[in-house]
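Chain by chain, the residues:
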Amino acid sequence: MTQKLYIKTHGCQMNEYDSARMADLLGDSHGYELVNAPEEADLLLLNTCSIREKAQEKVFHQLGRWRALKERNPNLKIGVGGCVASQEGERIFQRAPQVDLVFGPQTLHRLPQMIDAAKGAAVVDEAAQRLPLVDVTFPEIEKFDRLPDPRAEGPAAFVSVMEGCSRYCSFCVVPYTRGEEVSRPVADVMREVIALAAQGVREVNLLGQNVNAYRGAIDGDHADLAELIHYVADVRGIERIRFTTSHPLEFTDTLVEAFAGIPQLVDHLHLPVQSGSDRILARMKRGHSADDYRARIAALRQVRPNISLSSDFIVGFPGETDEDFEQTMQLIADIGFDTSFSFIYSARPGTPAAALEDAVSEVEKKARLARLQALLRTQADAIASAMVGTRQRLLVTGPSRKDPAMLSGRTENNRVCNFSTDALAGDLPDFVDVEITEALPNSLRGRLL
């Protein structure tokens, strides 16, 4: 009988990529077939994220819900991976004894051997036989050498080009849960991109926790992200390129030049700034000032005047005063952002910022967040309204989620646009041109041209 696999994913695009690769790996090694409900599965995997507050508690609540399934089916296996697994390790077994194996972001390629060990099956590979049921080590780039070829699941795909982060921002757990920066060789990345393009992928999103620090080996030297983008742009079939997530300190002149010279690089950039206050940026150990950020955006807009920008903002960082917050609001007003992410600061265990005195009340933090989000919403709505009446090229992604009679696509600036299929005949095209007819709160409407 075919074994069934259910994966629940928390967190970022990197986790989405990792979950897809787990499914590919276990499909090849053990014939697992993905299912949409945990009740149908023989193996449950929880891919976790530790960026936000109470991440660990969310994990244990989910595991508590799965415990009932294990009680009904003792042969069910449960695995926990991702960043919370990396942080908690063996402690997960203490609070959730129903869990069979714990693996980190860098050791997911060892899942087949760990599953065999959990089942008590004989393992031919002597080294694999010695693997513990907890493996949260950082074996650098090994996992990419052990994963099967990627399988496209639509016209857009993520491609992980590096792992980890070496910036050590004071609020961030990534260096501790995913290790320091390690870049995949250029040839490995290109093999994956070429394989995806051959399967019909037309847009790739190059992933890394600090992706613009990419330094991939090539011919005895190293290529930066801008050079890698040039190579990806030369792949037949790839018509759009994105990358995320970036750090302003390493948004280099060569990346600005890439936006000037590579038409496949989309008119959209996600560049987290976190705060507009130099004092808070220093406490965050970001390594740049608010004016440094403004200067990078100004240089980019010289070559791409219409580029859409999104960012991340942390509100209520320890020590943030009213003046610090107003400086963040001024930065937002000065630059003008499209849809962005904003959160109240939450201390992450083990990070330097967790030891900082925090005198800002929760009431004040929530009030600041509401003001900041209202300004961001106003800016994003204005961008959407300005798109009405314009011609936009959409990457067709499939049926609309809310209206199956319509199709959905994405604009270059990453907006979802739904449009009628009445004028389409024959096979679904990769791209269509539409006129934007309406700006809704979370999407656009378009008319085929």
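Chains are numbered independently. Their residues run from 1 in the order of the written sequence. Residue-level local features of this predicted model are given only where pLDDT is at least 70; pairs of side-chain atoms are given and counted only at 80 or more, and the full residue set underlies all totals for whole chains, interfaces and linings. Water and hydrogen atoms were dropped before computing side-chain values, which therefore reflect all heavy atoms in the structure.

A.B. asks: Can you walk me through helix H5 (residues 111–119) in this structure?
C.D. replies: Given 3.6 residues per helical turn, the α-helix brings residues three or four places apart onto the same face. Only protein chains enter the calculation, and the probe is 1.4 Å; a residue is then buried if its accessible area is under 20% of its type maximum, exposed if over 50%, and partly exposed in between. Helix and strand definitions follow DSSP, with helices as H or I runs of at least four residues and strands as E runs of at least two, each counted in order from the N terminus. The complete set of buried residues in H5 reads Leu111, Pro112, Met114, Ile115, Asp116 and Ala118. By the convention used here, residues are in contact when the closest approach between their heavy atoms is within 4.5 Å. Against helix H1 (13–30), strand E3 (43–48), strand E4 (77–82), strand E5 (101–103) and strand E6 (134–135) lie the buried residues of H5. Directly beyond the C-terminal end of H5, a positive phi value near 80° is found at Gly120.

A.B. asks: Would you explain the side chain of Asn413 in this entry?
C.D. replies: Here Asn413 shows up in the loop between strand E19 (406–410) and strand E20 (416–420). Of the polar contacts made by the side chain of Asn413, one reaches the side chain of Thr411; its length is 2.4 Å. Contacts of Asn413, omitting those with residues within four sequence positions, involve Asp267, His268, Ser308, Asp338, Ile383 and Met387. Polar contact is defined as a pair of N or O atoms within 3.5 Å, subject to the rule that within protein one atom must be able to donate a hydrogen and the other to accept it, and that residues adjacent in sequence are counted only when both atoms are side-chain atoms.

A.B. asks: Can you walk me through the nonpolar core in this structure?
C.D. replies: Core analysis: the largest hydrophobic core is formed by 54 residues, its most contacted members being Leu206, Leu228 and Phe243. Discounting residues that sit within four places of it in the chain, Leu206 has contacts with Val159, Val161, Val211, Leu225, Leu228, Ile229, Ile241, Arg242, Phe243 and Thr244. For the purposes of this section, nonpolar cores are sets of buried Ala, Val, Leu, Ile, Met, Phe, Trp, Tyr and Cys residues that join through side-chain atoms within 4.5 Å. The next biggest cluster of nonpolar side chains, apart from the first, holds 23 residues, and it includes Tyr17, Leu45, Leu101 and Phe103.

A.B. asks: Explain helix H2 (residues 55–72) to me, please; I cannot follow it from the model alone.
C.D. replies: Given a rise of 1.5 Å per residue, 18 residues ought to cover 26 Å, and the 27 Å separating the end C-alpha atoms of H2 matches this to within 8%. For H2, the principal kink sits at Trp66 and spans about 25°. Three or more residues of H2 are buried, namely Ala55, Gln56, Val59, Phe60, Gln62, Leu63, Trp66, Leu69 and Lys70. On its buried face, H2 is in contact with strand E1 (4–9), E3, E4, helix H3 (83–88) and helix H4 (91–95). Multiplying 1.5 Å by the helix residue count minus one yields the expected span of that helix. Bend is computed residue by residue as the angle between axes fitted to the seven residues ending at the residue and the seven residues starting at it.

A.B. asks: Please explain the packing of aromatic side chains as it appears in this structure.
C.D. replies: Aromatic rings considered in pairs are described by the distance between their centres and by the relative angle of their planes. Pairing of aromatic side chains requires ring centres within 6.5 Å, counting the rings of Phe and Tyr and the six-membered ring of Trp. Pairs whose planes differ by under 30 degrees are stacked, by over 60 edge-to-face, and all others tilted. Under the defined criterion, the tally for this structure stands at eight aromatic pairs. Each ring, one from Tyr293 and one from Phe337, has its centre 6.5 Å from the other, and the planes form 40°; the classification is tilted. With Tyr293 in helix H13 (residues 290–303) and Phe337 in the loop between helix H14 (322–335) and strand E17 (341–344), the pair connects residues that are 44 residues apart, well separated along the chain. We call a charge positioned over a ring when the NZ of a Lys or the CZ of an Arg lies within 6 Å of the ring centre and within 35 degrees of the ring normal. One cation-aromatic arrangement involves Arg95 over Phe60; the distance from NZ or CZ to the ring centre is 4.0 Å. Taking NZ or CZ as reference, Arg393 lies 3.9 Å from the ring centre of Phe431, over its face.

A.B. asks: Just checking my understanding: could you explain the sheet that holds strand E13 (residues 240–244) for this structure?
C.D. replies: Through backbone hydrogen bonds, the strands of a sheet pair up, either in parallel or in antiparallel fashion. Any two strands with at least two DSSP bridges between them are considered paired. With parallel pairing, the three strands of this open sheet are ordered in space as E7-E10-E13. The sheet is open, and its two edges are formed by strand E7 (156–160) and E13, each paired on a single side. When strand polarity is set aside, the average angle formed by the axes of neighbouring strands in this sheet is 25°. In the sheet, strand E10 (residues 203–207) pairs with E13 via five bridges, with the strands oriented parallel. The residue of E13 that forms the bridge with Glu203 is Arg240. Comment: axis = line fitted to C-alpha atoms, over the contacting stretch for helices; angle = value between 0 and 180 degrees taken between N-to-C directions.

A.B. asks: Help me understand unusual backbone geometry, please; the structure alone is not making it clear to me.
C.D. replies: Phi is mostly negative for residues that are not glycine, and the peptide bonds are mostly trans. Between Thr244 and Thr245 the backbone carries a cis peptide bond, its omega angle lying at 0°. When you line up the elements, Thr245 lands in the loop between E13 and helix H11 (253–261). Phi angles above zero are rare outside glycine, and Tyr168 is one such case at about 55°. Mapped onto the elements, Tyr168 comes out in the loop between strand E8 (162–163) and helix H8 (174–177). Located in the positive-phi region is Lys285, a residue other than glycine, with phi close to 60°. Note on placement: Lys285 falls in the loop between helix H12 (278–283) and H13.

A.B. asks: Quick question: what am I supposed to make of the packing of helix H10 (residues 225–233) against H11 here?
C.D. replies: Each pair of packed helices can be summarised by the angle the axes make with each other and by the distance between the axes. Viewed as axis vectors pointing N to C, H10 and H11 meet at an angle of 25°, and their least axial separation amounts to 8 Å. When the axes of H10 and H11 are compared, the pair comes out roughly parallel. Between H10, through Leu225, Ala226 and Ile229, and H11, the contact on the second element is made entirely by Thr254, Leu255 and Ala258. Here the angle decides the label: under 35 degrees means roughly parallel, over 145 means roughly antiparallel, 65 to 115 means roughly perpendicular, and every other value means oblique.

A.B. asks: How should the confidence of the model for the protein be read in this particular structure?
C.D. replies: Reading predicted coordinates in detail is not appropriate for stretches of low pLDDT. pLDDT expresses, on a scale from 0 to 100, how confident the predictor is about each individual residue. On average, residues of the protein score 92 in pLDDT, and 96% of them reach the 70 mark or higher. Below pLDDT 50 for its whole length, residues 126–131 participates in five contacts with residues either more than four positions away or in separate chains.

A.B. asks: Sorry, what's going on with the environment of Gly64 here?
C.D. replies: Here Gly64 is to be found in helix H2. Judged by relative accessible area, which is 32%, Gly64 ranks as partly exposed. Residues Gly64 and Lys119 lie 55 residues apart in sequence; the distance between their C-alpha atoms is 21 Å.

A.B. asks: Mind showing me how you'd approach the sheet that holds strand E2 (residues 33–34) here?
C.D. replies: Here we have six strands laid out as an open sheet, ordered E2-E1-E3-E4-E5-E6, and parallel in their pairing. Both outer strands of the open sheet, E2 and E6, are each paired with one neighbouring strand and no more. One ladder, built from two bridges, connects E4 with E5; its direction is parallel. The partner of Val80 across the bridge, within E5, is Val102. Taken strand by strand, H5 contacts E3, E4, E5 and E6, and its axis lies near 165° from that of E5.

A.B. asks: How do you make sense of the pattern of salt bridges when you look at a structure like this?
C.D. replies: Definition used for salt bridges: Asp or Glu carboxyl oxygen within 4 Å of a side-chain nitrogen of Lys or Arg. Within this structure, the stated rule accounts for 36 salt bridges. When the shortest N-O distance is used, the salt bridge between Glu239 and Arg393 registers 3.0 Å. Of this pair, Glu239 sits in the loop between H10 and E13 while Arg393 sits in strand E18 (residues 391–399), and the two are 154 residues apart along the sequence. Residues Arg391 and Asp433 are paired through a salt bridge, measuring 3.3 Å at the closest nitrogen-oxygen approach. Separated by 42 residues along the polypeptide, Arg391 in strand E18 and Asp433 in strand E21 (residues 431–439) bring together distant segments of the chain. By relative accessible area, which is 57% here, Arg391 ends up exposed. Owing to a relative accessible area of 26%, Asp433 belongs among the partly exposed residues under this scheme. The network of salt bridges with shared partners includes Arg21, Asp24, Asp28, Arg151, Arg184 and Glu192.

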